[in-house]
Number of protein chains: 2
Amino acid sequence: MNVKQEVYRLKEDSPILASSGIEKRNQALRFIAELIREHSGEIFAENEKDLKAAKENHISSAVMKRLKFDEGKLEASIKGIEQLILLLDPLNRTKLNRQLDEGLVLKQVTCPIGVIGVIFEARPDALIQISSLCLKSGNCAVLKGGKETVHTNRILFQFIREGVIKAGLPQNCVLQVEQHNEIDELLECDDCVDLLIPRGSNAFVQYIMNHTRIPVMGHADGICHIYVDKEADFDEAIRIIVDAKTQYTAACNAVETILVHEDIADEFLPKLSEELKKNHVEIKGTRAVTGRIGGEPVEREDFKEYLELIVSVDVVDSIDAAIRHINTYGSHHTDAIVSKDLGAAEYFMNLVDSAGVYHNCSTRFADGFRYGFGAEVGISTGKIHARGPVGLDGLVTYKYKLFGSGQTVDEYASGQKQFHFMDQ
Amino acid sequence: MNVKQEVYRLKEDSPILASSGIEKRNQALRFIAELIREHSGEIFAENEKDLKAAKENHISSAVMKRLKFDEGKLEASIKGIEQLILLLDPLNRTKLNRQLDEGLVLKQVTCPIGVIGVIFEARPDALIQISSLCLKSGNCAVLKGGKETVHTNRILFQFIREGVIKAGLPQNCVLQVEQHNEIDELLECDDCVDLLIPRGSNAFVQYIMNHTRIPVMGHADGICHIYVDKEADFDEAIRIIVDAKTQYTAACNAVETILVHEDIADEFLPKLSEELKKNHVEIKGTRAVTGRIGGEPVEREDFKEYLELIVSVDVVDSIDAAIRHINTYGSHHTDAIVSKDLGAAEYFMNLVDSAGVYHNCSTRFADGFRYGFGAEVGISTGKIHARGPVGLDGLVTYKYKLFGSGQTVDEYASGQKQFHFMDQ
């Protein structure tokens, strides 16, 4: 397959999808849900092939769990599509309606980004979710899933394409890329792909960011912090830390670093240490920490994203030191303060430069579903365009429509006419 | 100067500027306006040095005009600052206020992008405008102006910095970079600069885009089109074309290509040709054009951005062909249709994939001032983050603030608690 040539077809058809009505886009989603349900037996059979190959390749049981596409995941996927259908159309929203002068009206109207390339992990339900989000938002999608789910993806994609065509949307609005080497071809498509969304390991996302001129939306790292203020409720702090570290360690929103205010360190650290031990979490503390609870000290510069039952801990002498640490060593993902002092919380939330700044709750809440976005296409740690969990809103841009009646700029530049701005 | 080290100081201070109140930011703007007015004599004297050097270097008179900073430009700059002060604070706007569950409230709040690097042409008034926009929006600014205005920029920057400090904003929120080789150092600052805005020639903007990992906002090209529909009013079409081509040929929103519907080509082209000749505009037409009005034909693939009194002309057999041409050969900047047929206009405006899609008016209206944004930092042909003329709104992003009362994700994942989304 010549990836660039195929992607060009999407680019050519993207204005047609962009200007399609919401009824058609929702209809496509409905057809996709129906087709997947009708053909569930065939889909499960294809998934068995992937599972068999995975077993032969000694894939870990954690990954196997993700590969498996069963009745439960099918129903969850369909429910996801149904919820997406209920969401308001993100397109054609007038964000600005301004008369510049008589007979000269400017409108800022939301529209799709165009062609979006999504490279995602080996999870069949991710394919369904991502393509649904792109269709709902009027974006053409180039989809590259993990190679371990090639059979499942192929049959799922077939039904997605069938649903699209049945609804009367351009058939070239979705494209599946299967070969790993085709990713590099996709990265070269900076004249026909408007946005890339890589999902997966940090190393992978970083690789994508470094090897393309296409704008990339993703998270480079997920080094989330919890700062335990001197006014913290100890039990609350420990409950939140245990949840943020252990509820799902592989997530980018799991906490990796705990900063404890010096005034409470003597009392708090032993309690925290005890509770973390109970939950099988290893502490990597600086000298200020090991001096209080024992163990081999590590340097602050060695703190990192573990994605395991390990947590870095340090002591800070002020809230400002905590903020400075987070802004310097963090990844601008999600960082929390635990404190009964509302002023301190407000200060922390204003000065920490992250996509999510939390007060008295777990960093694990950073998620499109938990934010009520219906679904998410990923989490962005960039500050441009979309930040944090990205739902439908992050998949649209806007254009300016100017409705005139023969106006020239010279009339205004010469002073013959004046602008009279009036927002409607 | 070690650029990276200096920029790091801005990054460190950026949260302080970000959380400063609008009164302080406006006060800084007021001080800057005062200082510039008070010291106008000194500023004009420095400007004389730049003008003298430019004369010695045989700089063109067009560029000399831009370099010159006189009473008129000073007053216009001050008026620009005063208008900016009147604009609403773009920060701390709550875009979403959603209760996720009892005692768990999510707010999406606007905030500055952080540290913005602006590389701009040799125009002293641009320095004032850009730094004012950055300050108003709470962004730290690294400013690199054209070398031809080094003396003027240096003294202006001195007063900008003085105004900033006098208002109590962090002194490290503005930085001037003077040496051309320091641009390359700036491009390396992807860990401390959040956004780059290059202004100037396309080649220059392209160079910046190709040599940095920092997100870049700018226009790669300005190949604007006017499509003259079969239902066009000929006089109106010609008036608009003449304005869009001749009112200011060096602008990126000047028209470069005219597409004429076949049905009217025989009648319209001779009239257009005559009028363009009167305005000293040379036509580069395809065979379909030269067959009707004479001249040497060119190929459609050779159409380009002239920024001169030259215009490409082609004949298309349908509105779809016009749209396809624009989406293929255009630069997604600003494209217009001239037609009395409202349906055709709507169709064109929906399907043309450009930042600005215009009906019956000149492409030259694509400008932050004409859109009523008060000022503009540039025009973006990218689709990510900001599109078209970029004012204050394009200089902000948002963060999610989550206010909890001890919530953990496990409570929700286990089914013990449920989300109850309720927008306020």
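Residues numbered from 1 in each chain as written. Chains lettered and ligands numbered in written order. Predicted model: local features only at pLDDT ≥ 70, side-chain atom pairs only at ≥ 80, totals over all residues. Heavy atoms only, no water.

1. Considering the interface of chain A and chain B
The cut-off we apply is this: Throughout, a contact is declared for two residues whenever any of their heavy atoms are within 4.5 Å. Once two parts are joined, some of their accessible surface, as seen by a 1.4 Å probe, is lost; buried area is that loss totalled over both. Criterion for a salt bridge: a side-chain nitrogen of Lys or Arg within 4 Å of a carboxyl oxygen of Asp or Glu. Under this definition, polar contacts are N or O atom pairs within 3.5 Å; protein pairs additionally need one hydrogen-donor-capable and one acceptor-capable atom, and for neighbouring residues in sequence, both atoms have to be side-chain atoms. Numbering goes from the N terminus for both helices and strands, where a helix is a DSSP run of H or I of at least four residues and a strand is a run of E of at least two. Under the scheme applied here, ten amino acids are nonpolar (Ala, Val, Leu, Ile, Met, Phe, Trp, Tyr, Cys and Pro), four are charged (Asp, Glu, Lys and Arg), and all others, including Gly, are polar. Here a strand pair is declared whenever DSSP counts at least two bridges between the two strands.
Each partner contributes to the interface: chain A provides 71 residues, whereas chain B provides 71 residues. Taken over both partners, the interface formed by chain A and chain B buries close to 6000 Å², and the fraction arising from carbon and sulfur atoms is 57%. When residues of chain A are sorted by the area they lose upon contact with chain B, I384, Y400 and V409 of chain A head the list and together hold 12% of the total. At the boundary of chain A and chain B, one finds 2 salt bridges. Inspection of the chain A/chain B interface yields 47 residue pairs in polar contact (both at pLDDT 80 or more). With 11 residues, the top contributor of residues to the side of chain A that touches chain B is strand β15 (residues 396-407) of chain A. Grouping the constituent residues of the side of chain A that touches chain B by class yields 34 nonpolar, 22 polar and 15 charged. Here strand β12 (residues 356-361) of chain A runs beside strand β15 (residues 396-407) of chain B; their pairing, made up of 5 bridges, is parallel. Note that in β15 of chain B the partner of C361 of chain A across the bridge is Q407 of chain B.

2. Describing the sheet that holds strand β6 (residues 195-198) of chain B
All names here are of chain B. Under the convention used in this document: The axes used here are C-alpha line fits, helices contributing only the stretch in contact, and every angle between their N-to-C directions lies in the interval 0 to 180 degrees.
Ordered in space as β5-β4-β3-β6, the 4 strands form an open sheet in which the pairing is parallel. Unpaired on one side and paired on the other, β5 (174-176) and β6 mark the two borders of the sheet. Sheet twist, expressed as the average angle between the axes of neighbouring strands with direction ignored, equals 15°. Of the pairings in the sheet, the one linking strand β3 (residues 115-119) to strand β4 (residues 140-144) comprises 5 bridges and is parallel in character. Of the residues in β4, the one forming a bridge with V115 is C140. Strand contacts of helix α6 (residues 124-136): β3, β4 and β5, with the helix running at about 165° to β4, the strand carrying the most contacts. Set on the sheet, helix α7 (residues 150-166) makes contact with β4 and β5; between it and β5 the angle comes to about 165°.

3. Here's the deal with the sheet that holds strand β8 (residues 255-261) of chain A
Strand order in this open sheet of 10 strands is β9(A)-β10(A)-β8(A)-β7(A)-β11(A)-β12(A)-β15(B)-β2(B)-β1(B)-β16(B), and the pairing throughout is mixed. Every interior strand has two partners, whereas the edge strands, β9 (282-285) of chain A together with β16 (422-423) of chain B, have only one. Where strand β11 (residues 334-338) of chain A lies against β12 of chain A, 4 bridges are found, and the strand directions are parallel. The partner of A336 of chain A across the bridge, within β12 of chain A, is Y358 of chain A.

4. Describing the pattern of salt bridges
Here is the rule we go by: Summary of the burial criterion: residues with accessible area below 20% of their type's maximum are buried, those above 50% are exposed, and those between are partly exposed, where the area comes from a 1.4 Å probe applied to protein chains only.
Evaluation of the coordinates by the stated rule reveals 40 salt bridges over all chains. Among the ionic pairs, R387 of chain A bridges to D353 of chain A, the shortest N-O distance being 3.1 Å. One end of the pair, R387 of chain A, is in the loop between β13 (378-380) and β14 (388-390); the other, D353 of chain A, is in the loop between α14 (342-351) and β12, with 34 residues separating them in the sequence. Both residues of the pair, R387 of chain A and D353 of chain A, belong to the buried class. Between K383 of chain A and D194 of chain B there is a salt bridge, with the nearest N and O atoms lying 3.3 Å from each other. Placement of K383 of chain A in the loop between β13 and β14 and of D194 of chain B in the loop between α8 (182-187) and β6 is noted, with the two residues assigned to different chains.

5. Section: unusual backbone geometry
Trans peptide bonds make up the majority, and among non-glycine residues the majority have a negative phi. Residues and elements named next belong to chain B. Despite not being glycine, L307 shows a phi value in the positive range, around 55°. Counting through the fold element by element, L307 comes out in the loop between α12 (287-293) and β10 (310-316). Phi is positive for N360, close to 55°, though the residue is something other than glycine. By the secondary structure assignment, N360 is in strand β12 (residues 356-361).

6. Concerning helix α11 (residues 262-278) of chain B
All names here are of chain B. Counted only if it meets this: The span one expects for a helix is its residue count, reduced by one, times 1.5 Å. Note on bend: the value at a residue is the angle between axes fitted to the seven residues ending there and to the seven starting there.
Its 17 residues place the ends of α11 24 Å apart at the C-alpha level, agreeing with the 24 Å of an ideal helix rising 1.5 Å per residue. Along α11, the helix axis deviates most sharply at F268, where the bend reaches about 50°; the proline P270 sits within four residues downstream. Considered for burial, the residues of α11 that qualify are I264, A265, F268, L269, L272, S273 and L276. On its buried face, α11 sits against β7 (224-228), α10 (234-246), β8 (255-261), β9 (282-285), α12 and β10.

7. Quick look at the pairing of strand β11 (residues 334-338) of chain B
Consecutive residues of a regular strand have side chains that alternate between opposite faces of the sheet. Residues and elements named next belong to chain B. So the rule is basically this: Assignment of crossover handedness uses the view with strands pointing away from the viewer, where a clockwise path from the first strand over the helix to the second indicates a right-handed crossover.
Burial of β11 is extensive: 5 of the 5 residues sit out of reach of the surface. Strand direction decides the pairing type here: β7 and β11, joined by 4 bridges, are parallel. The partner of I226 across the bridge, within β11, is A336. Tracing the backbone out of β11, into helix α14 (residues 342-351) and back to the parallel element β12 gives a crossover that is right-handed.

8. Describing the packing of helix α2 (residues 22-38) of chain B against α6 of chain B
Residue and element names in this part refer to chain B. As a reminder, the rule being used: Should an angle fall under 35 degrees it is called roughly parallel, over 145 degrees roughly antiparallel, and 65 to 115 degrees roughly perpendicular, with every other angle called oblique. When the near helix sits turned anticlockwise from the far one by under a right angle, the crossing is termed left-handed; a clockwise turn instead gives a right-handed crossing.
Close contact between α2 and α6 brings their axes to 9 Å; oriented N to C, the two are set at 160°. With respect to their mutual orientation, α2 and α6 come out roughly antiparallel. Considering the relative orientation of α2 and α6, their crossing is right-handed. Contacts from I22, R25, N26, L29, I32 and I36 of α2 reach α6 at I128, S132, L135 and K136. A per-class count over the contact of α2 with α6 returns 6 nonpolar, 2 polar and 2 charged.

9. Structural notes on the packing of helix α2 (residues 22-38) of chain A against helix α7 (residues 150-166) of chain A
To characterise two packed helices, one gives the angle between the axes of the helices and the distance between these axes. Residues and elements named next belong to chain A. Contact geometry of α2 with α7 gives a least axis separation of 8 Å together with a crossing angle of 140°. In this view, α2 runs oblique relative to α7, as classed from their interaxial angle. Crossing handedness for the pair α2 and α7: right-handed. Across the interface between the two elements, A28, F31, I32, L35 and I36 from α2 touch L156, F159, I160, E162, G163, V164 and K166 from α7. Here the residues of the contact of α2 with α7 sort into 9 nonpolar, 1 polar and 2 charged.

10. Some points on the relation of the copies chain A and chain B
Selection criterion: Overlaid copies result from least-squares superposition on C-alpha atoms, with residues included only where pLDDT is at least 70 in both.
Taken as rigid bodies, chain A and chain B are interconverted by a rotation of 180° and an axial shift of 0.0 Å, the fit giving an RMSD of 0.0 Å. Both chain copies can therefore be described as sitting about a two-fold axis. Of every C-alpha in chain A, the one belonging to H385 of chain A sits nearest the axis of rotation, 1.8 Å from it. Here 100% of the interface residues in chain A have copies in chain B that are interface residues too; the copies meet face to matching face.

11. Here's the deal with the side chain of S273 of chain B
Looking at where S273 of chain B falls in the secondary structure, it is placed in helix α11. Apart from the residues within four sequence positions on either side, S273 of chain B is in contact with I283 and I293 of chain B.

12. Things to note about the nonpolar core
Going by this rule: Residues grouped as a nonpolar core are buried Ala, Val, Leu, Ile, Met, Phe, Trp, Tyr and Cys residues, joined through side-chain atoms within 4.5 Å.
Ranked by size, the top nonpolar core spans 108 residues in total, and within it V7, I226, V228, I258 and F268 of chain B carry the most contacts. Apart from residues lying up to four places away in sequence, V7 of chain B is in contact with V115, V142, L175, L186, C189, C192 and V193 of chain B.

13. A look at the packing of aromatic side chains
Filter applied, for reference: Note on aromatic contacts: the rings of Phe and Tyr and the six-membered ring of Trp form a pair at centre separations within 6.5 Å, being stacked when their planes are under 30 degrees apart, edge-to-face when over 60 apart, and tilted otherwise.
Inspection of every chain in the model, using the stated rule, returns 22 aromatic pairs over all chains. Each ring, one from Y412 of chain A and one from F365 of chain B, has its centre 5.7 Å from the other, and the planes form 75°; the classification is edge-to-face. Taken together, the residues span two chains, with Y412 of chain A in helix α15 (residues 409-413) and F365 of chain B in the loop between β12 and β13 (378-380). The exposure classification of Y412 of chain A matches that of F365 of chain B, with both residues buried. Aromatic side chains F419 of chain B and F421 of chain B sit 5.6 Å apart centroid to centroid with 5° between the ring planes, which places their arrangement in the stacked category. Ring-pair connections join several aromatic residues into one group, and the members of that group are F365 of chain A together with Y412, F419 and F421 of chain B.

Just geometry here; none of it tells us what the structure is for.
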